[in-house]
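So the chains spell out like this:
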Amino acid sequence: AEQCGMCESTCNATQLRCSDSHSACFANLTSLNDTATSCGCAASFYHCMSDGGCATDDISNEHAQLCMKQGCTAAECGVTDKYQQCNVTNLICGKQFMGCQGTRLEPAQDLCTTNYRKAGGKDFCVDPMLGGTPNCMYDAVADECYTSEDCACSKEYFDCMSVACADHASVLKFAETCVVKGCTAAQCGIGFFSCNQTGLIFANQYLNCELGQVETVTAAYANLLPDAETIEEDEDEPWCSSSFCLRAYFQGMYSSNCTNEDDLATHLALCSAAGCTPGQCGVSPLNQEPRLPDAPLFVTLISVLGNVIDVIWQHSSLARLWARQGSKNVLIQYTVALEGDCVPPAPGGEWVCNQDLGNQTIRYTAAQRVRFSKNLVIGKYYRAFVYGINTNGTGPPGAGFTRHSGPPSIPTALTVKIDGPRGARSSWSLPLDTGDTTQIKPLTLYNAVVLPYPTAAPVSVVVDQATPFLKVDATFGGMFTQCATYGRTCSCKGLVRFGGSGVWSPPLVAAGNFLCQTGAVFPDILVDDVEVCECSTSAQRLIAGQNFSIKVQAENSVGPGNFSAPSILKIMGEPSIVLTLSTMEYESNMTVLWAPPADTGFGTADPTAPIVGYHIQTSLCKDFDQLDFSCKVKKYNFLAQAVCASGSCKAGIVEKDNLIQNQVYYVRVVAYNAVADGFLSFATIVRQTWKLFPSYWYPSDELLPFGLAEYGGGSLFWIGG
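Conventions and cut-offs
Residues numbered from 1 in each chain as written. Predicted model: local features only at pLDDT ≥ 70, side-chain atom pairs only at ≥ 80, totals over all residues. Heavy atoms only, no water. Helix = DSSP H or I, 4+ residues; strand = E, 2+ residues; numbered from the N terminus. Buried < 20%, exposed > 50% of the residue type's maximum accessible area, 1.4 Å probe, protein only. Contact = heavy atoms within 4.5 Å. Areas by Shrake-Rupley, 256 points an atom, 1.4 Å probe, with all protein chains shown as cover. Salt bridge = Lys/Arg side-chain N within 4 Å of Asp/Glu carboxyl O. Phe/Tyr/Trp six-rings, centres within 6.5 Å; stacked < 30°, edge-to-face > 60°. Lys NZ or Arg CZ within 6 Å of the ring centre and 35° of its normal. Polar contact = N/O pair within 3.5 Å; in protein donor to acceptor, adjacent residues only side chain to side chain. Pairing = 2+ DSSP bridges. Axes fitted to C-alpha atoms, helices over the stretch in contact; angles between N-to-C directions. Patch = residues over 30% accessible without salt bridge, like charges linked within 9 Å, V, L, I, M, F, W, Y side chains within 5 Å. Disulfide = S-S within 2.5 Å. Core = buried A, V, L, I, M, F, W, Y, C linked by side-chain atoms within 4.5 Å.

Moving on to the overall build of the chain. Along its length, the chain carries 15 helices and 35 strands. The buried share of the chain, reckoned over its 721 residues, is 43%. Summarising the internal contacts of the chain: among those between residues at least 6 apart in sequence, 63% fall at separations of at least 24. If you sum the accessible surface of the chain, you get close to 37,800 Å²; carbon and sulfur atoms cover 54% of it.

Encoded structure:
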């Protein structure tokens, strides 16, 4: 049409003819989803237009856009112009890549996932020295090792672009991007372009291994790695100190598809220079006779919360030796079988199990743990067999047994009793079921939750399983620090106590400054010792008259059981001072009178705490100094029910052996209840004379002599006689 100068009119006719041909092709499709045939119809249309000399740039671009909408590449639609074709193809491939991003490989197809040692941490995911691969990604929260989403999608994108639009320069640029994203050459589908970078990564790992960094890594994960290997005496190969590092390097390069003949030759040369065999370096099997695996070192069954049993085992020394050397006998996998409805053997007998609960197969390099969760009954016995498998067959099994357990039931006989002023002691007994429907399974601990008083914050306490009791003093939780010595000012916002040497006053709430000394605030706690003040901003206190409660749960190796119902106790404190104290002198005894204290132990609002009795003290010294013999301090005990009635109390002190004529006595009374005496330093003191002799003066130079005498608590003065 161009040669004849009839481009426009002829191309219109050509386009009509080609369109009719395309419509007929499309109508003959057997399925609307037949993309290949649909793309073929589009290619036929483009060839028809091209043969007619009508494939202009506009037509080609429009055709390429339609082609893309039908899900075809530029090459499939017959577009031959490189620029036009690759623009459209890039749009398609880019769209596919964006749709793929964020989508991980299926776990079964993801080498990072299948190779990862569960609960191993990041190093087991990415460190070749511990079996990882540097290009893997690690999620610490989910404890997952996986291939980067970019790596998973890059190969599809490269394959899409490689149909007609991946030249040498583009591949190099793509290789750089691939390496930056942490992907291997094989994952990106581009062969040798990123192997230089991959080689650097594994070379650094090899140097770290040789220089000892692997020892640091191993120490950090000592609880996850096998114990030190025991080398067999009949070992076929000489020991090579570098074999572990060289083998890890070669296996890393090989798994990244970055080893060719030259690389293999270089690696063998390094291996030989280090005094190692090809088998020890991971290039070829060791010179060993085929052998079956031996049994695992041990097999243990562990009951797990949620009615689950975990079977755990340890590689045998021989299995670890083979793995270290790259032996052809190396284990490939384990098969773990679980049996139920087992009967423990009689002495000298064998276990009998009547139920097959299935089996699981796990790679040798995976974590040595499998989980069973179906048809398990707590209290029943179970047996597990673990078989090692290599290319030579299945070895003898290791066996383990357990009585399946769950959490314990609640502790029994929980009680709480008064234990001193503002103190409580709680005790309990072993649960009826400690986890396996008996009381045989040992507990690990008890958890107690204490509520010091109803509006307080609960406090959790861990109690040793061997001592099922808890003693709570007047102050609970928190730390006390000294804020002042005696006679100085303490600044405290919290709880404050006064005393020392483990003997303390009732804790008080402080909100500022106060004087650290005995008086109206603090009783005299220590005799012949110096008190101090201590402050705590976090401790709680038990309050007299308030309800104290405690609940307890037992815990075993499976987990914690349920809490018991709370046990409640009303806290008792010291009684306050007696009221209206007075004394009277009679012919043969001194009578002491008083009223019971306003606070008998539960606070002034609750008089139900019984007063057990009273102590009456007499002394010739006002300070009642018991160390001073001349003070003649004496103490008399009286039961409340014997001396009190109708809200008043009266007791007599007989003269014989107790009272001395012509003396002045000081008297004080202290009440006591079931937990403590009232504080002596707070007690009221009264003065009482006892049969003072009359005295008088009769001066010879006075006309009116006078006399003076004290008797019966009064004074008598007279003149004359």
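From this point, the discussion proceeds with the structure in view.
Counted under the stated rule, the structure contains nine salt bridges. Between Glu339 and Arg383 there is a salt bridge, and its shortest N-O distance comes to 2.7 Å. Taken together, the positions of Glu339 in strand β5 (residues 333-343) and Arg383 in strand β8 (residues 381-390) put the pair 44 residues apart, joining distant regions of the chain. Residue Arg383 is classed as buried on the basis of its relative accessible area of 13%. For Asp606, the salt bridge identified is with Lys570, shortest N-O distance 2.7 Å. Residue Asp606 is found in the loop between β26 (589-595) and β27 (613-619), and its partner Lys570 is found in strand β24 (residues 567-570); the two are separated by 36 residues along the sequence.

Using the criterion set out here, one finds eleven aromatic pairs in the structure. When the ring of Trp313 is compared with that of Tyr334, the centres are 5.3 Å apart and the planes differ by 65 degrees; the resulting orientation is edge-to-face. Of this pair, Trp313 sits in strand β4 (residues 308-314) while Tyr334 is found in strand β5, placing the two residues 21 residues apart along the sequence. Judged by its relative accessible area of 2%, Trp313 falls in the buried class. Residue class for Tyr334 comes out buried when judged on its relative accessible area of 2%. On the basis of an interplanar angle of 75 degrees and a centroid distance of 5.5 Å, the ring pair of Trp428 and Tyr446 is categorised as edge-to-face. Of this pair, Trp428 sits in strand β12 (residues 424-429) while Tyr446 sits in strand β13 (residues 445-451), and the two are 18 residues apart along the sequence. Residues Trp428 and Tyr446 agree in their burial class; the two are buried. Counting every residue linked through ring pairs, the aromatic cluster contains Tyr486, Phe498, Phe514 and Phe522. One cation-aromatic arrangement involves Lys551 over Phe563; the distance from NZ or CZ to the ring centre is 5.1 Å. Over the ring of Phe602 we find Lys570; its NZ or CZ atom is 5.0 Å from the centre of that ring.

Moving on to the side chain of Thr434. Checked against the element boundaries, Thr434 lands in the loop between β12 and β13. What makes Thr434 buried here is its relative accessible area of 1%. Polar contacts involving the side chain of Thr434 include one to the main-chain carbonyl oxygen of Lys441, which spans 2.8 Å. Non-local contacts of Thr434, meaning those with residues more than four positions away in its chain, are made with Pro408, Gln439, Ile440, Lys441, Leu443 and Asn556.

Turning to the sheet that holds strand β11 (residues 412-418), a few remarks are in order. Within the open sheet, the three strands sit side by side as β11-β12-β15. Their pairing is antiparallel. Taken across any chain shown, the strands that pair with only one partner, and hence form the sheet edges, are β11 and β15 (469-472). Each adjacent strand pair in this sheet contributes to an overall mean axis angle of 10 degrees, direction not counted. Where β11 and β12 come together, five bridges link them in antiparallel fashion. Each bridged residue has a counterpart across the sheet, and for Val416 the counterpart in β12 is Ser426.

Turning our eyes to something else, we now look at a nonpolar patch on the surface. On the surface, Leu708, Phe717 and Ile719 cluster together to form a nonpolar patch covering roughly 300 Å² of accessible area. Relative to the helices and strands, Leu708 is located in strand β34 (residues 706-711). Residue Leu708 is classed as partly exposed on the basis of its relative accessible area of 33%.

With that settled, the discussion passes to unusual backbone geometry. One non-glycine residue, Asn307, lies in positive phi territory at about 60 degrees. Within the element layout of this structure, Asn307 appears in the loop between β3 (298-304) and β4. By relative accessible area, Asn307 is classed as partly exposed at 30%. For Thr437, which is not a glycine, the phi torsion comes out positive at approximately 75 degrees. Residue position: Thr437 is located in the loop between β12 and β13.

A word on the state of the cysteines. One pass over the structure, following the stated rule, counts ten disulfides. At a sulfur-sulfur separation of 2.0 Å, the disulfide partner of Cys112 is Cys136. Since a negative S-S torsion denotes a left-handed disulfide, the Cys112-Cys136 link at about -85 degrees is left-handed. Here Cys112 is found in helix α5 (residues 111-115), whereas its partner Cys136 is found in strand β1 (residues 136-139), with 24 residues between them in sequence. The pair formed by Cys112 and Cys136 is uniform in burial state, with each residue classed as buried.

The next point concerns the nonpolar core. Most often, soluble globular proteins keep nonpolar side chains buried together rather than apart. Counting residues in each nonpolar core, the largest one holds 23 residues, and the members touching the most others are Leu301, Val311, Trp313 and Leu338. Contributing elements (two or more residues each) for this core: β3, β4, α14 (317-325), β5, β6 (352-363), β7 (369-372) and β8. Looking at this core, the element that brings in the most residues is α14, giving four residues. When near neighbours in sequence (up to four residues on either side) are disregarded, Val311 contacts Val299, Thr300, Leu301, Val336, Gln368, Arg369, Val370, Phe372, Ala384 and Val386. Within the second largest apolar cluster, 22 residues are counted, among which are Val578, Ile616, Ala671 and Trp690.

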